[in-house]
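Here's the letter readout for the chains.
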Amino acid sequence: MEAQDSAVREAVKASGESTLEKAKAKALAEFNQLVNVSLNIAVTGRTGSGKSSLVNALRGLSDNDEDAAPTGVTETTMECTKYEYPGQKHVKIWDLPGIGSPNFKANKYLKEVNFDTYDFFIILSSERFCENDIMLANEIKKKKKNFYFVRSKIDNDISSEERKKGFNEQKVLCLIREDCEKNLRKVGNPKVFLISSYDLEKYDFENLRITLKEGLPIQKRSALLQAWPVCSAEALEEKIKLYKGLIWAASLASAGIAVVPVPGLSVACDAGIVVAFFVRCYYAFGLDDKSLTRLSEKVNIPLTEYLGTSKFATAIKEKAVTRIGVSASLAVLSTAEFALSLLPGPGSVAAAGLSFATTQYLLREGIKDLANTAREIRKKAGLDTI
């Protein structure tokens, strides 16, 4: 962070504006690469394995939400269906028809579902993985894409087993995992992730996130992290760190705007950058209504009321970010920026420096506020925190 800020200061001190413009272009490219890179996730598996419920859980929705993927005891996914992540429209999850269903035969499956569209596949099963699952994995392997075996509905298995005498949850989980891995030896030695779509804090969901991230190219990892639901304190802290690292790029983009000596231009453009940045944080940190409602229902504690303690979260919810007043020092910076932007040459470069400082200050304050709010909500929900 200090190195990035130093680079910005050097650009602002430059005698001409070309250096600053180059720095701005580089910052914008890095910012766009991190926040707008596309990611396409495919969820497939046997009919009735819980694909649609997992799709909903990954999007921070419950099965009953209006725009949730339809679920049911029979095959409800009859074609490849694309779902966007709330607040992260560049990340898409695809609910694919069940393998071996009447409309999709295993030997033609990859062609029918447009294989090349997806960055990786999650192969889901609620029981033992079948021959079609193994066939699909081998075909994906031949085409050099990653796939991950996920055993779903673990909460149902635990609920059934805990009625038995001598019940031991860890022993049951080990038996399920060993049975799945034994069944999948034809694929090699794949790791199996045990999850419940209705309790993402438990079992292997966090390990799945880490494994998926490690299997992606570096430029795709930020997309996964931004969209992935906040299922652990570690996931939340990684998200916070990611957005803190983007502050310098957003601020430098603001600095470039201030070079143009048109009254009001810097303020208007800065507002757009700030709003877009905070909205991303708002959804990534799990502060939107649907994410909080889902968490509230899970822990049986009303949590949306805690948003009222955050002026930034409240402003985002009410679509009034541009009316946030942070401090008197920020107002002074903004006034100085406007005055300097009217000066030619070095004056406008200095204005760019003040624009950078103004936006950087606001973004730092905002992330701090939103991050602390997300941490406090986890604490109130009785979840582990760092």
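Anything mentioned here points back to the structure above.
Computed from a prediction, not measured in an experiment: that's the story for all the values here.

Engineer: How should I be thinking about the packing of helix H8 (residues 205–214) against helix H9 (residues 218–227) in this particular structure?
Structural biologist: In a packed pair of helices, the relevant descriptors are the angle between the two axes and the axis-to-axis distance. It is at 9 Å that the axes of H8 and H9 come closest, and there the two elements cross at 155 degrees. Here H8 lies roughly antiparallel to H9, going by the angle between them. H8 and H9 meet at a crossing whose hand is right-handed. Note on element contacts: H9 touches H8 through Arg221, Leu224 and Leu225, opposite Arg209, Leu212, Lys213 and Glu214. For the contact of H8 with H9, a count of residues per class yields 3 nonpolar, no polar and 4 charged.

Engineer: Would you explain the nonpolar core in this entry?
Structural biologist: Nonpolar side chains tend toward joint burial in soluble globular proteins. Counting residues in each nonpolar core, the largest one holds 38 residues, and the members touching the most others are Tyr243, Phe277, Phe278, Phe285, Leu287 and Leu370. Elements with a contribution of two residues or more to this core: helix H2 (18–36), helix H10 (233–258), helix H11 (265–284), helix H12 (289–299), helix H13 (311–317) and helix H15 (346–380). Sort the elements by how many residues they give to this core and H10 lands first, with 10 residues. When sequence neighbours within four positions are dropped, the list of residues in contact with Leu287 reads Tyr282, Leu292, Leu307, Leu370, Thr373, Ala374 and Ile377. Membership of the second largest hydrophobic core comes to 30 residues, among which are Tyr83, Leu200, Leu224 and Ala227.

Engineer: What should I look at first to understand the packing of helix H6 (residues 154–161) against helix H7 (residues 169–183) in this one?
Structural biologist: Two elements in contact, H6 and H7, have axes whose closest approach is 10 Å; the angle formed by their N-to-C orientations is 125 degrees. Classified by the interaxial angle, the pair formed by H6 and H7 is oblique. The handedness of the crossing between H6 and H7 comes out as right-handed. Packed against H6, whose contacting residues are Ile154, Asp157, Ile158 and Glu161, the element H7 presents Glu169, Val172, Leu173 and Ile176 at the interface. Residue composition of the contact of H6 with H7, grouped by class: 5 nonpolar, no polar and 3 charged.

Engineer: Where do I start with the pairing of strand E3 (residues 88–95) in this structure?
Structural biologist: The side chains of a regular strand alternate between both faces of the sheet. Most of E3 sits inside the fold, with 7 of its 8 residues counted as buried. Pairing geometry for strand E1 (residues 39–45) and E3, over 5 bridges, is parallel. Note on E3: the bridge partner recorded for Val43 is Asp95. Where strand E2 (residues 81–85) and E3 come together, 5 bridges link them in antiparallel fashion. Bridging from a neighbouring strand, Lys82 pairs with Trp94 of E3. The loop that links E2 with its antiparallel partner E3 comprises 2 residues; one of these, Gly87, has a positive phi angle of about 75 degrees.

Engineer: Even after reading the chapter, I still don't get H9, so can you show me in this structure?
Structural biologist: One turn of an α-helix holds 3.6 residues; hence residues three or four places apart share an orientation. Most of H9 sits inside the fold, with 7 of its 10 residues counted as buried. Of the positions making up H9, those classed as buried are Lys220, Ser222, Ala223, Leu224, Leu225, Gln226 and Ala227.

Engineer: Just to check I follow, could you spell out the sheet that holds E1 for this structure?
Structural biologist: Neighbouring strands of a sheet are bound in pairs by backbone hydrogen bonds; such pairs are parallel or else antiparallel. Strands sit in the order E2-E3-E1-E4-E5-E6 across an open sheet of 6 strands; the sheet is mixed. The open sheet has two edge strands with one neighbour each: E2 and strand E6 (192–194). Going from strand to strand, the sheet's axes swing by 30 degrees on average, the running direction of each strand aside. Note that E1 and strand E4 (residues 120–125) share 5 bridges and pair parallel. By the bridge assignment, Ala42 is partnered in E4 with Phe121.

Rules used throughout
Residues numbered from 1 in each chain as written. Predicted model: local features only at pLDDT ≥ 70, side-chain atom pairs only at ≥ 80, totals over all residues. Heavy atoms only, no water. Axes fitted to C-alpha atoms, helices over the stretch in contact; angles between N-to-C directions. Helix = DSSP H or I, 4+ residues; strand = E, 2+ residues; numbered from the N terminus. Parallel < 35°, antiparallel > 145°, perpendicular 65-115°, else oblique. Left-handed = near helix turned anticlockwise from the far one by under 90°. Contact = heavy atoms within 4.5 Å. Nonpolar A, V, L, I, M, F, W, Y, C, P; charged D, E, K, R; others polar. Core = buried A, V, L, I, M, F, W, Y, C linked by side-chain atoms within 4.5 Å. Buried < 20%, exposed > 50% of the residue type's maximum accessible area, 1.4 Å probe, protein only. Pairing = 2+ DSSP bridges.

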